[in-house]
Amino acid sequence: MAVQLKFDRVDGNGVSYVHAPNGAGAAYDWSLTNIESEAVRVRAVSLVFTVEDVRGVLRMFRHGYQSWSPSDIATFGADVDPSTKADNEFFQAMHHADQRTVTGTDELRSEWFTVLADDDGVVLAGFIGGGSHDGILRLRRGGDGRSIELVAEAFLGDALMPSNTVRGLHPLIIEPGTEDANLLDGWAKVTGATAQARTTAPYQVGWCSWYHYFDDITEVALRANLALAPDFPFDVFQLDDGYQANIGDWLTTNEKFPSGLPAIAAAIRERGYTPGVWIAPFLVAPDSEVAIRHPDWLAAFTSRSGATRPLRAGWNPIWSDADGGFMYALDTTHPDVQQHLEHVARSLVEMGFTYIKLDFTYAPSFEGIWHDPKLTPAERVRAGFDAIRRGAGDDAFLLGCGAPLSHVVGVVDGNRIGPDVAPLWEPDASREVFPGYLRTQPSTKFADDATRYRAFMHRRLWLNDPDCLMLRTEMTDLSAADAARWARTVAESGGMALVSDDLALLDAKAKTLLQETIATGRASDDATKTGRCPLVTALF
Ligand code: 9PG
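All of the points below concern the structure found in this document. All figures in this text were calculated on a predicted structure; none of them were measured in a lab. (Residues numbered from 1 in each chain as written. Predicted model: local features only at pLDDT ≥ 70, side-chain atom pairs only at ≥ 80, totals over all residues. Heavy atoms only, no water.)

## Structural notes on helix α6 (residues 261-270)
Then comes step 1: Among the residues making up α6, those that are buried are L261, I264, A265, A267 and I268. Buried residues of α6, viewed axially, fall in a sector of 160 degrees; they line one side.
Then comes step 2: Buried residues along α6 sit in contact with α5 (219-228), β15 (236-239), β17 (249-253), β18 (274-279) and α8 (335-351).
Then comes step 3: Looking at the residues trailing α6, positive phi occurs at G272, about 95 degrees. (Buried < 20%, exposed > 50% of the residue type's maximum accessible area, 1.4 Å probe, protein only. Helix = DSSP H or I, 4+ residues; strand = E, 2+ residues; numbered from the N terminus. Arc of directions from axis to C-beta. Contact = heavy atoms within 4.5 Å.)

Here it is in structure tokens:
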């Protein structure tokens, strides 16, 4: 006997479910009905299972919420949810579907799916789909204080349900097994097929401006790298954060980019590369033109004093300190905002940028006051992505970043599946910004961990973007050995391979490492088309 999940009950009014055997496990098709004569707000409803026959220590694969959120293996009864340490809703809104601090002291939570393990076996519990609401798996003590429960929660985030309406929920599957890697690969295949995942783009090799230049990128530096690019096997040449007039004003450049975006796209295209550009489509700076001209396009919240204020969904004083560094969320449920997003994406593609990195895209998932209160957090995020896809067209390559993973299957071509790399291996634990959340901070090691945990998603849900290679040996705190180690992980994952160095710093050795990385990367990527990704090995 190994760990088992036995269905116990439903939590929440108006839930109907049909339970059918599914291989050795079960599938739950369920829906929610509001039979009341009034509209109601629904935060969450759940299917609750008891965890039985546990032999030895009970462990949980905790899957992170968005691109940068960490995944790990936690031990029930020993580890805690990080929100109990940070207790900061603004930060937690970035890294969890439910931004509120977990109340149970022994609760462990995983987002979208999980695998539980004991000494004898494993069992997967996962939602098939995520575009219409989040799925949260909470492992905790039952009411008697001794039993253990797994709560599979359909999280609707207080969405308003009109009276006499029915809402289908994403099916839940329970699948026991002996090998976690097989269960995860199987779940990803079904989930990808159900959501019509975009998985056919070719293997991507390119250059990205961020991890050497950061915000200091200039047109001069970009053009200098472009001139050196013919020595490298790039397909894509991507300009990151630092060119824009302001956050939200994506079509106009700052003084560091005097030629403007169309000329830059043309210069990249002339050299034979696909022009790529970064935007944070759902964020606006308080002093951006878009925020000033369209205050009604911003989501809102009620401040402690009772005033209605623009909803804060990001903080970065380098971008703008107009409101202490806070960025506001565009209201993606507003038809005018959807048109605006379509227009931005269409304009970028018309300029020549057929590869667009969409960053900080968790923003519409924050709790707040939204134009259409019927939409769940997942639907708000998805509405923004769908508008961008409409504008960009079917042929553009859209890369998700800072993206709630479950919301974007079927709309993105590639997706960042880990935190930012950095020109260092591991940050000093004393530099932890939010208690419990060290592993959200930029670090090549943490990106390496994420690439392993989420390797099984590649070409099942999208193309995995493990984040950039850094090959330079100067102007970095990353040792040559660690740079090579990271390159090896990227290669074995078969994921996207973008270089993020000043190309002038790359010597013959770096070029050889890149060639080897790409050769292995292509082979790994090909392997995922017929079988499992080579990097996917047992987690437990
Ligand atoms: C540009 C960068 C790069 C990078 C992205 C993203 O939590 N944070 O404050 C935080 C800031 C930046 C960040 C991730 C998290 O990096 O992942 O590749 O495009 O934005 O600003």
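Structure's up, so let's keep going.
## Topic: the packing of α8 against helix α9 (residues 377-392)
Then comes step 1: The N-to-C vectors of α8 and α9 enclose an angle of 40 degrees; their axes lie 7 Å apart at closest approach. Judged on the interaxial angle alone, α9 and α8 are oblique. As α8 packs across α9, the resulting crossing turns out to be right-handed. The segment α8 lies against α9, with Q338, L341, E342, A345, R346 and V349 engaging A383, G384, A387, I388, R390, G391 and A392. (Axes fitted to C-alpha atoms, helices over the stretch in contact; angles between N-to-C directions. Parallel < 35°, antiparallel > 145°, perpendicular 65-115°, else oblique. Left-handed = near helix turned anticlockwise from the far one by under 90°.)

## Focus: the packing of helix α11 (residues 480-493) against helix α12 (residues 508-530)
To characterise two packed helices, one gives the angle between the axes of the helices and the distance between these axes.
Then comes step 1: Running from amino to carboxyl end, α11 crosses α12 at an angle of 25 degrees, the nearest separation of the two axes being 6 Å. The orientation of α11 with respect to α12, classified from their angle, is roughly parallel. Judged by the twist between their axes, the crossing of α11 over α12 is right-handed. Residue-level inspection shows A484, A487, A491, E492 and S493 of α11 in contact with α12, the latter providing L513, T517, T520, G521 and S524.
Then comes step 2: In terms of residue class, the contact of α11 with α12 is built from four nonpolar, five polar and one charged. (Nonpolar A, V, L, I, M, F, W, Y, C, P; charged D, E, K, R; others polar.)

## As for the sheet that holds strand β11 (residues 148-161)
Then comes step 1: In space, the five strands of this open sheet follow the order β1-β4-β11-β10-β7, with antiparallel pairing throughout. Lying at the two open borders of the sheet, with one neighbouring strand each, are β1 (4-11) and β7 (108-111). Averaged over all neighbouring strand pairs, the angle between strand axes comes to 25 degrees, with direction disregarded.
Then comes step 2: In terms of strand pairing, strand β4 (residues 40-52) meets β11 through 10 bridges, oriented antiparallel. Note that in β11 the partner of F49 across the bridge is L150. (Pairing = 2+ DSSP bridges.)

## Describing the packing of aromatic side chains
Then comes step 1: Taken as a whole and assessed by the stated rule, the structure comprises 29 aromatic pairs.
Then comes step 2: Ring plane angle 65 degrees and centroid distance 6.4 Å describe the contact between W187 and F456, whose orientation is recorded as edge-to-face. With W187 in helix α3 (residues 180-194) and F456 in the loop between α10 (444-453) and β27 (463-465), the pair connects residues that are 269 residues apart, well separated along the chain.
Then comes step 3: Taking 5.6 Å as the distance between ring centres and 80 degrees as the angle between the ring planes, the aromatic pair formed by W250 and W278 counts as edge-to-face. Taken as a pair, W250 in strand β17 and W278 in strand β18 lie far apart in primary sequence, 28 residues in all.
Then comes step 4: Among the aromatic residues, ring-to-ring pairing joins W68, F90, W250, W278, W319, F326, F360, Y362 and F366 into one connected group. (Phe/Tyr/Trp six-rings, centres within 6.5 Å; stacked < 30°, edge-to-face > 60°.)

## Thoughts on unusual backbone geometry
Then comes step 1: In this structure, D87 takes a positive phi of about 45 degrees despite not being glycine.
Then comes step 2: Tracing the chain through its elements places D87 in the loop between α1 (83-86) and α2 (89-95).
Then comes step 3: Positive phi values are uncommon outside glycine, yet R459 reaches one of about 60 degrees.
Then comes step 4: Structurally, R459 can be placed in the loop between α10 and β27.

## Remarks on the sheet that holds strand β23 (residues 326-329)
Then comes step 1: Strand order in this open sheet of three strands is β19-β23-β22, and the pairing throughout is antiparallel. Two strands in the sheet have a free side with no partner beyond their single neighbour: β19 (283-284) and β22 (312-315).
Then comes step 2: Direction of pairing for β19 relative to β23: antiparallel, over a ladder of two bridges. Directly across from L283, in β23, lies its bridge partner A329.

Everything listed is a geometric property; what it means functionally is a separate question.
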